[in-house]
Amino acid sequence: MPKTQTMSSLWEYANPRKFMATSAWLLPWVTAITVICLVVGLVWGFFFTPNDFRQGSTVKIIYVHVPAAIMAINAWLMMLVTSLIWVIRRHHVSALAAKAAAPVGMIFTLIALFTGAVWGQPMWGTWWEWDPRLTSFLILFLFYLGYMALWEAVENPDSAADLTSVLCLVGSVFAIISRYALLFWNQGLHQGATLSLDAEENIADVFWYPLVITLAGFGFLFLTLVLYRTRTEIRARRLKALIAQERMAA
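Cut-off values and rules
Residues numbered from 1 in each chain as written. Predicted model: local features only at pLDDT ≥ 70, side-chain atom pairs only at ≥ 80, totals over all residues. Heavy atoms only, no water. Helix = DSSP H or I, 4+ residues; strand = E, 2+ residues; numbered from the N terminus. Buried < 20%, exposed > 50% of the residue type's maximum accessible area, 1.4 Å probe, protein only. Polar contact = N/O pair within 3.5 Å; in protein donor to acceptor, adjacent residues only side chain to side chain. Contact = heavy atoms within 4.5 Å. Axes fitted to C-alpha atoms, helices over the stretch in contact; angles between N-to-C directions. Parallel < 35°, antiparallel > 145°, perpendicular 65-115°, else oblique. Left-handed = near helix turned anticlockwise from the far one by under 90°. UniProt positions renumbered as here; feature names shortened; annotations may be inferred. pLDDT = per-residue confidence, 0-100. Phe/Tyr/Trp six-rings, centres within 6.5 Å; stacked < 30°, edge-to-face > 60°.

**Description of the side chain of Ser-172**
Step number 1: Tracing the chain through its elements places Ser-172 in helix α6 (residues 157–184).
Step number 2: Here Ser-172 falls in the buried class, since its relative accessible area comes to 5%.
Step number 3: Of note is the side chain of Ser-172, whose polar atom sits 2.7 Å from the backbone oxygen of Cys-168.
Step number 4: Beyond its immediate chain neighbours, meaning those up to four positions away, Ser-172 contacts Trp-76 and Leu-80.

Dropping the structure here:
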């Protein structure tokens, strides 16, 4: 298939009716995969892996903390991509998808901050430290709040989409910093990457396998929630349009 035809077929999913029909077909499948991956990964990780020789049983919080942190960053990057699509192509579904993803990403960021504090307290002796990665994650959380507040503050949905797209671009800097903070600054209490191509840095296989399954579960959970929320945003937009038409006709 020619490249132009492939691209035009992809843009078809920016049509609200096409998106609603496709997402309705996808949701039962991705929901089932989400449940399977999360149940298998979390049960395997929490109940069938040994305690760490240094961290003891607290190491098992890794099965929530690491996937949540990864998805918090990737959610913002997904919002960046869909926001750029809105700015360039003016597809409303992409803007609504970014809006739908923000609360999900915010919750993932909050989970990562909370579990990081719970995990860090027995290891560092403190609930919070102005570590580069922790600080950048806190700033990312504030960007999520600001993004959602901006959507609510601007009445015109197209203007709100334009302004939040700019904010998303700026916030992407902190999303990247959150991911690579330890490479930018050597100081800090936070450990190195949990998942790495370097065999010396990567965690042991006994922890790695359930973690990868749990990470897949969090990824599918994000997809499921964004699909549901995007469908809700499309319906809400249609309802506002119908109400506006009725007021004009009255």
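Picking up where we left off.
**Concerning the packing of helix α3 (residues 62–89) against helix α4 (residues 92–124)**
Step number 1: Interaxial distance between α3 and α4 falls to 7 Å at its minimum, and their mutual angle equals 155°. In this view, α3 runs roughly antiparallel relative to α4, as classed from their interaxial angle. By crossing handedness, the relation of α3 to α4 is classed as left-handed.

**Considerations on the environment of Ser-165**
Step number 1: Position of Ser-165 relative to the elements: it lies in helix α6.
Step number 2: Taking the relative accessible area as the measure of exposure, Ser-165 reaches 9% and is therefore buried.
Step number 3: For the pair formed by Ser-165 and Ile-85, sequence separation is 80 residues and the distance between their alpha carbons is 9.6 Å.
Step number 4: The contacts of Ser-165, once residues within four sequence positions are left out, are Ser-83, Trp-86 and Val-87.

**Structural notes on the UniProt feature "transmembrane region" (unreviewed entry) in the protein chain**
Step number 1: Mapped onto the present numbering, the UniProt feature "transmembrane region" (unreviewed entry) falls on residues 26–49, 61–88, 100–122, 134–154, 166–186 and 206–228.
Step number 2: Along residues 61–88 one finds 96% helix and 0% strand; the C-alpha atoms at either end are 41 Å apart.
Step number 3: Structurally, residues 100–122 comprises 100% helix and 0% strand, and the distance from its first C-alpha atom to its last is 36 Å.

**Things to note about the confidence of the model for the protein chain**
Step number 1: The predicted model of the protein chain averages 84 in pLDDT, with 83% of residues at 70 or higher.
Step number 2: Taking the mean pLDDT of every element in the protein chain, the minimum, 55, falls on helix α1 (residues 3–11) and the maximum, 95, on helix α2 (residues 16–47).
Step number 3: Contacts from residues 196–200, a stretch scored under 50 in pLDDT, to residues over four places away or in other chains number 2 contacts.

**A few points about the packing of aromatic side chains**
Step number 1: As enumerated under the stated definition, the model contains 7 aromatic pairs in all.
Step number 2: Ring geometry for Phe-46 and Tyr-63: centres 6.1 Å apart, planes at 65°, overall edge-to-face. Of this pair, Phe-46 sits in helix α2 while Tyr-63 sits in helix α3; the two residues are 17 residues apart in sequence, bridging distant segments of the chain.
Step number 3: Judged by relative accessible area, Tyr-63 falls into the buried class, the value being 0%.
Step number 4: Through a chain of ring-to-ring contacts, three or more aromatic side chains come together here, namely Trp-76, Phe-143, Tyr-144 and Tyr-147.

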